[in-house]
Amino acid sequence: MAHVAKQANAAHGNGHHDEHHDHEDVKVFGFWLFIITDCILFGTLFATFAVLRGSTAAGPLPSDLIELTGIIVSTFILLTSSYTSGIAVLQMNKGNVKGLITWLGITVLLGAAFIYLEVTEFIHLVHEGAAITTSAYWSAFFTLVGTHGLHVSIGLVWMIGLMLQLKRRGITPVTKRKVTIISLYWHFLDVIWIFVFTFVYLMGVM
Amino acid sequence: MWDKIKDFASEFFVTGDPMILGAQVSIALAIVAIVFVLTFFKKWRWLWTEWLTTVDHKRIGVMYIICSLLMLFRGGVDALLMRMQLAAPQLEFLNADHYNAIFTTHGVIMIFFMAMPLMFGLFNIVVPLQIGARDVAFPFLNSFSFWMFFFGAMLFNVSFVIGGSPDAGWLAYPPLSGLEGSPGLGQDFYIWGIQISGMGSLATGINFIATIIKMRAPGMKLMQMPMFTWSTMASCVTIIFAFPILTVTLFLLYLDRFVGTHFFTLDGGGNPMMYINLIWMWGHPEVYIVILPAFGILSEVVSTFSKKKLFGYKSMVFALMSISIVSFFTWAHHFFTMGSGAGVNTFFAISTMVIAIPTGVKVFNWLFTMVRGRISFTTPMMWVFAFIFCFVVGGMTGVMLSVAPADFQFHNSYFLIAHFHQVLIGGVVFGYFAGLTYWWPKVFGFRLHEGLGKWAFWLWNIGFYVCFFPQYALGFMGMTRRINTYSFDMGWQPLNVVSTVGAFLMGAAFLFQVWQIAHSIRVHKMDANGDSWGDGRTLEWSIPSPVPFYNFARTPQVTGTDDWWEKKQRAEAAGKSVYDMEAAEPLEPIHMPKNSNIPFIMSTFWFFAGFGFVWEWMWMVIPSLIGVIICMIARSFSYNTDYYVPVSEVERTEAALRGTN
């Protein structure tokens with residue numbers, strides 16, 4: 001298309017800034033819609049877990065194997081990371097790029113620590129004889145918890161990419177929108193984890 | 001070495017069936033021919049820059065529709081093969097395995113790769129134009145959705161010649177679709193084909209809700225939107241709530257097959273009935289996802305060709321939105337026979353019957369719109385009549401099926417087959433045909449040939465009733481679905497022959513449609529002003545056809561429902577031309593998205609990832625998934641994604657398009 005190649009630089013006047021802002025808003029709105037779909041995705045996995053809760057097929061029981069202490073530690077780490085991502089947004093609103101990147105970095109470290117603990121827990125469970133193939137219960141357990149973990153891992157890569165962009169471009173309407181979106185995502189994963197913690201771990205052990 | 005290659009090839013390609021061999025040869029020849037034509041006419045560059053990388057919603061819409069018509073052809077051939085096999089008792093035209101594969105692919109293709117893309121194609125072409133927008137909310141994502149659909153469909157279709165078709169029914173119930181029931185690769189093709197195109201569908205759902213909520217022209221209130229836009233909204237809301245369930249369900253099924261988990265297995269505590277619940281929690285909303293836009297199309301066509309405002313606008317909106325909610329509470333009516341108990345069955349029977357109320361409201365609205373209207377009997381309007389009659393009868397047989405105790409008799413019989421074909425062909429397909437003929441001139445600038453369209457219309461309609469009415473009777477006579485043959489003593493032959501004749505009439509109708517399109521491309525009169533039917537009511541008819549890439553030269557200011565009709569009336573009262581009045585307004589530079597090659601490349605990576613998962617070739621899966629991630633990062637880091645069209649270019653384009661006035 002001929003018009004694609006042609007760039008109308010002259011048109012980039014001041015009058016179009018509002019249009020840009022509007023468009024960034026549309027993207028945040030779109031992300032809320034995505035969160036709805038992700039809620040349904042986790043909802044389905046929770047429902048599956050609830051149905052298969054008792055189906056341990058004479059294999060190991062969750063109450064035998066799950067060690068709540070480690071889970072409580074990783075829960076606090078993830079909740080704290082949500083708090084630090086909140087501080088990052090506050091730094092952004094102040095216009096402090098350095099503070100923003102630093103707090104995002106702390107969030108990434110906490111998220112990575114959470115993933116590390118989750119992987120160690122999974123390895124421990126497999127060693128104890130509870131693998132994903134052991135019974136329907138453990139299939140549902142690993143899929144639900146693992147899907148959350150996969151979401152967190154994607155968030156980590158995403159956040160690192162965003163830090164690089166912030167370093168290069170500073171706080172612009174576009175990067176501002178991107179930070180808003182990832183912090184929405186991060187808080188959402190935190191809420192999901194609270195449900196995982198309650199339904200899978202607390203109710204599994206009790 | 002040679003033996004190794006031969007072994008591999010015999011495992012890789014489907015062999016030993018003359019019909020499939022014929023298909024393999026013709027596919028190979030078609031590919032060679034396409035490559036030759038593109039190279040000979042030096043069209044590769046054109047294909048890449050104008051189509052494969054486009055983010056223009058109108059072109060994406062056209063690509064969706066082309067694919068869906070091709071898929072209609074393939075699904076239709078599957079249907080005719082089945083009808084041939086059933087025409088007489090004890091035929092050996094298709095063996096049982098082949099028959100299983102064919103009814104499976106027929107169902108999957110018709111729903112996922114024919115109805116869905118036809119619907120998305122119409123969304124893409126019509127919705128931004130109806131709400132006065134320059135594009136959808138997320139044009140890049142829109143292109144991604146299309147290519148995910150395209151490569152998902154390719155992955156599914158390739159199973160027919162490579163690796164083997166799925167054959168466990170269109171919804172692939174376990175344990176049959178599990179590893180022990182279906183050890184072949186067909187089920188994996190099924191899972192990944194649907195999974196990849198499903199991601200695209202989900203993204204489209206998000207995209208169009210955002211478009212409708214956030215991109216409407218100034219002044220257009222929600223309750224002033226054209227009814228097709230409302231139906232798109234209802235359908236997309238249903239998509240974003242239903243499709244994640246499908247994604248999870250198929251993912252769990254794949255884990256059962258690939259990793260050896262126990263979600264739906266018979267051992268290890270698995271629960272196959274959970275799959276059936278989950279898949280229908282998506283599956284029932286899915287049928288409303290595809291029918292709701294047809295309701296919207298009907299509303300537009302009826303009011304245009306009756307030259308009247310749609311009767312009962314508010315009740316129509318209410319009916320659409322309530323169906324999209326209630327559709328989530330009816331799933332268990334697909335398996336009343338599961339044994340959930342009287343309480344559960346009663347709940348689902350009543351919720352199913354409740355859906356008939358808003359649907360009835362709609363039918364009366366259409367009828368009252370026609371009352372005292374000045375009806376013109378154009379092809380789109382004819383499809384409306386066909387729809388209303390066929391869908392009402394189909395809906396009533398649906399209410400019969402919703403009576404749980406009676407359903408124990410009808411369950412999985414040909415009565416059910418006739419019912420859902422009546423609502424899917426008589427509803428979705430007829431409705432979409434109405435939309436396709438109605439909006440065709442908007443896309444290409446000329447109307448389809450009316451005479452040939454009416455031939456196709458009558459053949460479709462006669463063929464439909466000849467094909468499916470005998471099947472209601474066959475259902476009562478005890479013929480169940482998915483049987484590949486029957487004995488002479490059953491007494492089913494006469495009605496089956498009639499049914500087969502009807503199917504071939506519909507096949508002939510399709511040929512008439514192909515002829516209609518080919519003929520209209522050769523012989524046509526270009527549209528004078530873009531208001532192709534002369535009675536356009538909504539914004540899409542206010543701009544030239546074919547539509548310029550930026551859609552609206554000036555952002556329209558909307559003051560009410562059927563805004564374009566009102567504007568024409570006002571201009572007429574003032575004794576001026578509505579186009580001159582529009583042209584008097586000043587132009588501004590237009591903000592547009594740039595084309596991108598990332599959606600195409602990323603979906604290609606998804607295709608190879610899916611293909612690798614099917615064959616369990618990790619050497620293919622891992623690099624492909626890395627490719628997907630790199631594409632996402634590349635997109636995130638590119639900031640140069642849009643540009644402004646200068647006023648001078650808009651002026652030039654408009655002068656060229658309006659010059660014929």
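Quick caveat: nothing in here was measured; it's all calculated off a predicted structure.

Caption draft 1: Molecular detail of the overall build of chain B. In terms of regular secondary structure, chain B is built from 21 helices and 2 strands. For the C-alpha atoms alone, the extent of chain B along its principal axes is close to 75 × 60 × 45 Å. Across chain B, the fraction of contacts at a sequence separation of at least 24, relative to all contacts at a separation of at least 6, is 82%. Within the structure as shown, chain B displays about 25800 Å² of accessible surface, and the carbon and sulfur contribution to it stands at 71%. Chain B carries 38 positive and 37 negative side-chain charges, and their two centres are separated by 11 Å.

Caption draft 2: Quick peek at the overall build of chain A. In terms of helices and strands, chain A carries 7 helices and 0 strands. Secondary structure elements of chain A occur, N-terminal to C-terminal, as α-α-α-α-α-α-α. A buried classification covers 50% of the 206 residues belonging to chain A. Surface accessibility of chain A: about 9600 Å² in total, with carbon and sulfur atoms responsible for 68%.

Caption draft 3: Fine view of the interface of chain A and chain B. Contacts between the two partners involve 45 residues from chain A, matched on the other side by 45 residues from chain B. Regarding the contact of chain A and chain B, the summed buried area is about 4100 Å², with carbon and sulfur atoms giving 71% of it. Across the chain A-chain B interface, the total number found is 0 salt bridges. Here chain A and chain B share 8 residue pairs in polar contact (both at pLDDT 80 or more) between them. Where the side of chain A that touches chain B is concerned, the elements lending two or more residues are helix H1 (2-5), helix H2 (17-51), helix H6 (136-169) and helix H7 (173-205) of chain A. Looking at the side of chain A that touches chain B, the element that brings in the most residues is H2(A), giving 17 residues. In terms of residue class, the side of chain A that touches chain B is made up of 20 nonpolar, 19 polar and 6 charged.

Caption draft 4: Quick peek at helix H12 (residues 379-402) of chain B. Between its terminal C-alpha atoms H12(B) stretches 34 Å, which fits the 34 Å expected from 24 residues at 1.5 Å a residue. Judged by how many residues are buried, H12(B) sits mostly within the fold: 17 of 24 residues are covered.

Caption draft 5: Looking closely at the pattern of salt bridges. Residue and element names in this part refer to chain B. In the structure shown here, the tally under the stated rule is 11 salt bridges over all chains. The partner of Glu50 in a salt bridge is Arg59, and the shortest N-O contact between them spans 3.0 Å. For Arg59, a relative accessible area of 21% puts it in the partly exposed group. Note that Asp531 and Lys568 form a salt bridge whose closest N and O atoms lie 2.5 Å from each other. Here Asp531 is found in the loop between helix H16 (493-522) and helix H17 (563-574), whereas its partner Lys568 is found in helix H17, with 37 residues between them in sequence. Since its relative accessible area comes to 8%, Asp531 is described here as buried.

Caption draft 6: How the structure looks around the side chain of His421(B). Secondary-structure assignment places His421(B) in helix H14 (residues 414-444). In contact with His421(B), other than residues within four places in its own chain, are His106(B), Gly426(B), Phe464(B) and Phe468(B).

Caption draft 7: Region of the structure containing the state of the cysteines. All names here are of chain B. What the rule picks out here adds up to 0 disulfides over all chains. This cysteine, Cys67, is not joined by any disulfide, and Cys236 carries the nearest cysteine sulfur, 19 Å off. The exposure class of Cys67 is buried, given its relative accessible area of 12%. Cysteine Cys390 shares no disulfide, and the gap to the nearest cysteine sulfur, in Cys467, comes to 11 Å. Its relative accessible area of 0% is what places Cys390 among the buried residues.

Caption draft 8: View of the packing of aromatic side chains. Counted by the stated rule, this structure contains 108 aromatic pairs over all chains. Residues Trp138(A) and Phe141(A) carry aromatic rings whose centres are separated by 5.1 Å and whose planes lie at 70° to one another, so their mutual orientation is edge-to-face. Of the two residues, Trp138(A) and Phe141(A) both sit in helix H6, 3 residues apart, roughly one turn of that helix. By relative accessible area, Trp138(A) is classed as buried at 0%. By relative accessible area, Phe141(A) is classed as buried at 0%. Ring centres 6.2 Å apart and planes at 45° place the aromatic pair Phe263(B) and Phe264(B) in the tilted group. A single burial state applies to Phe263(B) and to Phe264(B), both of which are buried. Over the face of the ring belonging to Phe160(B) we find Arg74(B), whose NZ or CZ atom lies 4.6 Å from the ring centre.

Caption draft 9: Looking closely at the domain arrangement of chain B. All names here are of chain B. Split into domains, chain B comes out as domain 1 (1-42), domain 2 (43-596 + 641-658) and domain 3 (597-640). Taking the mean C-alpha position of each, domain 1 and domain 2 sit 32 Å from one another. Buried area between domain 1 and domain 2, summed over both chains or domains, comes out near 1200 Å², and the portion from carbon and sulfur atoms is 75%. Between the two partners, domain 1 and domain 2, sit 6 residue pairs in polar contact (both at pLDDT 80 or more).

Caption draft 10: Structural detail: the confidence of the model for chain A. A residue-level look at chain A finds 90% of positions with pLDDT of 70 or above and a mean pLDDT of 89. Per-residue pLDDT stays below 50 along residues 1-18 of chain A; that stretch engages in 24 contacts with residues further than four places along the chain or on separate chains.

Caption draft 11: Looking closely at the packing of helix H7 (residues 186-214) of chain B against helix H8 (residues 227-258) of chain B. Residue and element names in this part refer to chain B. One can describe the packing of H7 onto H8 by two numbers: an axis separation of 8 Å at closest approach and a directional angle of 150°. Accordingly, the angle class assigned to the pair H7 and H8 is roughly antiparallel. Considering the relative orientation of H7 and H8, their crossing is left-handed. In terms of residue class, the contact of H7 with H8 is made up of 22 nonpolar, 9 polar and 2 charged.

Caption draft 12: Representation of the packing of helix H5 (residues 96-130) of chain B against helix H6 (residues 139-158) of chain B in the model. All names here are of chain B. Here H5 crosses H6 at 160°, and the two axes come no closer than 11 Å. If you check the angle between H5 and H6, you find them roughly antiparallel. As H5 runs across H6, the sense of the crossing is left-handed. Seen from H5, the contacting residues are Thr105, Val108, Ile109, Phe112, Phe113, Pro117 and Asn124; seen from H6, they are Asn142, Phe149, Gly152, Ala153, Phe156 and Asn157. Here the contact of H5 with H6 is composed, by residue class, of 8 nonpolar, 5 polar and no charged.

Caption draft 13: Focus on the nonpolar core. Formed by 240 residues in total, the largest nonpolar core has its most connected members in Phe141(A), Tyr201(A), Trp282(B), Trp366(B) and Phe387(B). A per-element tally of this core places helix H9 (residues 272-306) of chain B first, with 19 residues. When sequence neighbours within four positions are dropped, the list of residues in contact with Phe141(A) reads Phe49(A), Ile66(A), Glu121(A), Phe122(A), Leu125(A), Gly146(A), Val200(A) and Tyr201(A). Membership of the second largest hydrophobic core comes to 13 residues, among which are Leu86(B), Leu94(B), Ile417(B) and Tyr486(B).

Caption draft 14: Main features of unusual backbone geometry. All names here are of chain B. Cis geometry marks the peptide bond from Pro174 to Pro175; its omega dihedral reads 5°. Of note, the amide linkage connecting Ser545 to Pro546 takes the cis form, showing an omega dihedral of -10°. Relative to the helices and strands, Pro546 is located in the loop between H16 and H17. The phi dihedral of Asn412 is positive, around 55°, even though this residue is not glycine. Within the secondary structure, Asn412 sits in the loop between helix H13 (404-410) and H14.

Caption draft 15: The environment of Phe605(B), seen in detail. All names here are of chain B. Within the fold, Phe605 resides in helix H19 (residues 598-615). Separated by 18 residues in sequence, Phe605 and Pro623 place their C-alpha atoms 8.6 Å apart. Here Phe605 is in contact with Ser624, Gly627, Val628 and Cys631, once residues within four sequence places are set aside.

Caption draft 16: Examining a nonpolar patch on the surface more closely. Residues and elements named next belong to chain B. Together, Phe258, Val259, Met618, Ile622, Ile626 and Ile630 line one region of the surface with nonpolar side chains, adding up to about 500 Å² of accessible area. Looking at the nonpolar patch element by element, the count peaks at 4 residues for helix H20 (residues 618-637). By secondary structure assignment, the location of Ile626 is in helix H20.

Reading guide: rules and limits
- Residues numbered from 1 in each chain as written.
- Chains lettered and ligands numbered in written order.
- Predicted model: local features only at pLDDT ≥ 70, side-chain atom pairs only at ≥ 80, totals over all residues.
- Heavy atoms only, no water.
- Helix = DSSP H or I, 4+ residues; strand = E, 2+ residues; numbered from the N terminus.
- Contact = heavy atoms within 4.5 Å.
- Areas by Shrake-Rupley, 256 points an atom, 1.4 Å probe, with all protein chains shown as cover.
- Lys, Arg positive; Asp, Glu negative; His and termini not counted.
- Charge placed at Lys NZ, Arg CZ, Asp CG, Glu CD.
- Buried < 20%, exposed > 50% of the residue type's maximum accessible area, 1.4 Å probe, protein only.
- Buried area = accessible area lost by both parts, 1.4 Å probe.
- Salt bridge = Lys/Arg side-chain N within 4 Å of Asp/Glu carboxyl O.
- Polar contact = N/O pair within 3.5 Å; in protein donor to acceptor, adjacent residues only side chain to side chain.
- Nonpolar A, V, L, I, M, F, W, Y, C, P; charged D, E, K, R; others polar.
- Expected span 1.5 Å × (residues − 1).
- Disulfide = S-S within 2.5 Å.
- Phe/Tyr/Trp six-rings, centres within 6.5 Å; stacked < 30°, edge-to-face > 60°.
- Lys NZ or Arg CZ within 6 Å of the ring centre and 35° of its normal.
- Domains from an automatic or database assignment.
- pLDDT = per-residue confidence, 0-100.
- Axes fitted to C-alpha atoms, helices over the stretch in contact; angles between N-to-C directions.
- Parallel < 35°, antiparallel > 145°, perpendicular 65-115°, else oblique.
- Left-handed = near helix turned anticlockwise from the far one by under 90°.
- Core = buried A, V, L, I, M, F, W, Y, C linked by side-chain atoms within 4.5 Å.
- Patch = residues over 30% accessible without salt bridge, like charges linked within 9 Å, V, L, I, M, F, W, Y side chains within 5 Å.

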